[in-house]
Amino acid sequence: MRTRPWLLLAPALILLGALLVWPLVRVFLFSLQDYGLREIVTGESNYIGFGNYAEIFANPMLWTVVLPNTIGFAVVAVSATVIFGTLVAMLMASLGTVWRTIVGSAIMVAWAMPAVTGTYVWIWIFDADQGLVNETLKSLGLMDESFNWFTNPFTFYAIVVLNIVHHGFPFVAITVLAGLLGVSKEMLEAAEMDGAGPIRRFFAIIFPTLKPVFSVVIILSTIWDFKVFAQIYLMPGGAGSNRDVLNLGVWSYVESFGQNRYGFGAAIAVLLTVLLLIITAIYVRTLFKEEKE
Amino acid sequence: MKKRYLPIAMFAIGALGLTACSGGAADTAEGDTLNVWIMQGTNPDTEAFFDTVGDAFTEETGATLNVDFVQWADAHDRFVTAIAGGTTPDVAETGTTWTAEFADAGALAPIGDYVTEAGLDDDLVDGLVESGTYDGSLYGMPWYAGVRSIIYRTDVFDELGLAAPTNWQEIVDAATVIQAERPDLTPFPVAGDAEMLTYPWVWGAGGEVATLEGDEWVSGLDSAEARDGIGFYTGLATDHGFSTAGATTWKETDILDNFAQGTVAMAISGSWTPAALLEKAPDLEGKLGAIAIPGQTSGISPSVLGGSHLSMFNTSENKDLAWQFMQLMTTGDFAQQWADQTGYFPGTKSLLQTSMESADALVKPFAEQMVDGGGALPVTPKFGAVQAKKTTNAMIQSILSGQKTVDEATADAAAEMNDIMNGN
């Protein structure tokens, strides 16, 4: 038995075990209990088997509103963020040093803006009575009556997508830009000589070279957009009073923490983790399969 | 080998415990510290107020007062974390809807005996006693209370020759005139994310929010009376157009902001808001009036009595000292000063009497509402769950946005309420 490698790994493993594995195990144990404020006070456990899970799956709200909203939003937001971020990265790659620095700092500001602040700015822009959008549409004669953008689920999520893309694209742009600068210039020049247009060059050379970068960016964005909470909770009606716009994050908060049902919340957290693991696994698998071929 | 030390260790622990007990039972609390949590923002000058209280407390008991100020927004989370970690303060301000919840969890100590001993049983304001009582015992010491009534712009009413409404029809009549003559104003905003503004209309029409029948809670939101009231309230927006498109997703604070901007003519608002309003918008000085929420045909529509208790936590090691602080805060000079500074009403009847006799036109209607038209929501932690799920808010918002009719929305809300309050 070789002990030395394990001994050397021990500090890291112990740290990971204490900070990551043990809390995960605790969350799973909570998810098997009816765990509320009373259990917190007494410190007693209260196991109910898979009751919380059964209740989650039996909830019609989950299937008709929460999951469609979460998945639909994640698909749209991730594609929009990645496409827009890539376009900005390509713009920056073609700029000189001075302008690249200027554009880079400008998008960093969008990235550095706290989610809460950014969300309020979008809320004000779309405010029904005094917002910029409604005022403009009215003064142009395109709209007679004020329209509340937050009551309709489609317009509500359109605003959330704007907010998330605005906040999320700088990360994609910077990451992809780093990759772009590593693409061999000779290959691009050779392709251009052979008569390949910009779109052909992107899909034949740049995209295959940057595949690992895109996979990281897409996986991370998917995880973030699945878990999005503050940007929806803070929107008018987003905290639960407009049932049509609930997503997984807000729904689990309202159902569990709002009602002191920590076991139920833990069960939702476990399911969300499993769901994200599955998505990531499928994605990584297809990626490696393609590479082998 | 190890076992031989066990009795010694136990003896040592026992001795420590004994000394701890004898320390607590001593007549003087010299050198002790009492930890207290108070919510920030109720009093514009909270810290100065508690500096004075701290000095008086030390003079009276010899103990030091240590006050932590907590934001309302994250107070509930902090309480839960502290309860989980056993680090709760001795005494804390708890919002009236939290007291039953924490008592139900077993985190609070009952204070009924202290109150009786101090001869305060008959002096506490009924509504606050009701919300501070759980399972037959008093857990929350009434500290201060507020109530919502209607505030309106007297300058607009004078200009248009209108009188303050005394029943629901007169609200519609006045708003119709304002709508026609002053199109720049929102006559009566109906906020879609503010449950507390809904209940007066339910009660005013003779309905109930929820009642306990035997062991079972039954929501009254889908009764004919409640539907009548909710239909009237939402009708102000949907039938008459007295509200705005934006108000469909407004919270209570949005009403206040818009009132401060001078774009609202009438609105339901708390007794604690006129002072804040005048501070935000000094040009409204002298243009502000208040009336108790009128009854459907006459009288007053009840509105929710809100406010705060002082609660003693089970973990407190010196409960007598904790009670001394609670009594100092809730009776006598400090209670009166607190009420004067915050615009809330004191939690004892003897002090409330002074407010009742106030000639201030912005105090008297609220005091009237509080004494003659104070309503209480169901006192059970389960109702906290209903509030967290925003059952009532979702009902109002879906009617305002046209997704549901009054009948559909009230039926759904009542079913959900029954489900939460009787289930799990």
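Placed above this text is the structure.
Since this is a predicted model, take the numbers as computed values, not measurements.

## Quick word on the pairing of strand 1 (residues 33–39) of chain B
Residue and element names in this part refer to chain B.
Part 1 of the reasoning: Relative to strand 2 (residues 64–70), strand 1 runs parallel, the two being bridged by 7 bridges. Looking at the pairing, valine 36 lines up with valine 67 of strand 2.
Part 2 of the reasoning: Sheet topology places strand 1 next to strand 3 (residues 91–95); 2 bridges connect them, and they run parallel. Looking across to strand 3, one finds that tryptophan 37 is bridged to alanine 92.

## Here we look at the interface of chain B and chain A
Part 1 of the reasoning: Residue-level contacts link 23 residues of chain B with 24 residues of chain A.
Part 2 of the reasoning: Residue composition of the side of chain B that touches chain A, grouped by class: 9 nonpolar, 9 polar and 5 charged.

## Thoughts on unusual backbone geometry
Part 1 of the reasoning: Even without a glycine there, the phi angle at Asn260(A) is positive, about 60°.
Part 2 of the reasoning: For Asn260(A), a count of 23 C-beta atoms within 10 Å puts it in the buried group.
Part 3 of the reasoning: Of note, the phi angle at Lys390(B) is positive, near 60°, even though the residue is not glycine.
Part 4 of the reasoning: The exposure class assigned to Lys390(B) is buried, which follows from the 21 C-beta atoms found within 10 Å.

## Notes on the packing of helix 18 (residues 391–400) of chain B against helix 19 (residues 406–422) of chain B
Residues and elements named next belong to chain B.
Part 1 of the reasoning: Two elements in contact, helix 18 and helix 19, have axes separated by 9 Å at closest approach and are oriented at 165°. Relative to helix 19, helix 18 is oriented roughly antiparallel. Pair helix 18 / helix 19 crosses with right-handed handedness. Counted together, Thr391, Thr392, Met395, Ser398 and Ile399 of helix 18 and Val406, Ala409, Thr410, Ala413, Glu416 and Met417 of helix 19 form the full contact between these two elements.
Part 2 of the reasoning: Considered class by class, the residues forming the contact of helix 18 with helix 19 number 6 nonpolar, 4 polar and 1 charged.

## Focus: the pairing of strand 6 (residues 140–153) of chain B
Residue and element names in this part refer to chain B.
Part 1 of the reasoning: Where burial is concerned, most of strand 6 is hidden: 14 out of the 14 residues are buried.
Part 2 of the reasoning: Here strand 6 runs beside strand 11 (residues 303–312); their pairing, made up of 7 bridges, is antiparallel. Within the sheet, the bridge partner assigned to valine 147 lies in strand 11 and is leucine 305.
Part 3 of the reasoning: Alignment of strand 6 against strand 12 (residues 345–346), held across 2 bridges, turns out to be antiparallel. Note that in strand 12 the partner of alanine 145 across the bridge is phenylalanine 345.
Part 4 of the reasoning: As judged from the 5 bridges shared by strand 6 and strand 9 (residues 266–270), these two strands associate in the antiparallel manner. When the sheet's bridge partners are listed, isoleucine 151 is paired in strand 9 with alanine 267.

So, how was this worked out
Residues numbered from 1 in each chain as written. Chains lettered and ligands numbered in written order. Predicted model: local features only at pLDDT ≥ 70, side-chain atom pairs only at ≥ 80, totals over all residues. Pairing = 2+ DSSP bridges. Helix = DSSP H or I, 4+ residues; strand = E, 2+ residues; numbered from the N terminus. Contact = placed C-beta atoms within 7 Å. Nonpolar A, V, L, I, M, F, W, Y, C, P; charged D, E, K, R; others polar. Buried ≥ 20, exposed ≤ 12 C-beta atoms within 10 Å, placed from the backbone. Axes fitted to C-alpha atoms, helices over the stretch in contact; angles between N-to-C directions. Parallel < 35°, antiparallel > 145°, perpendicular 65-115°, else oblique. Left-handed = near helix turned anticlockwise from the far one by under 90°.

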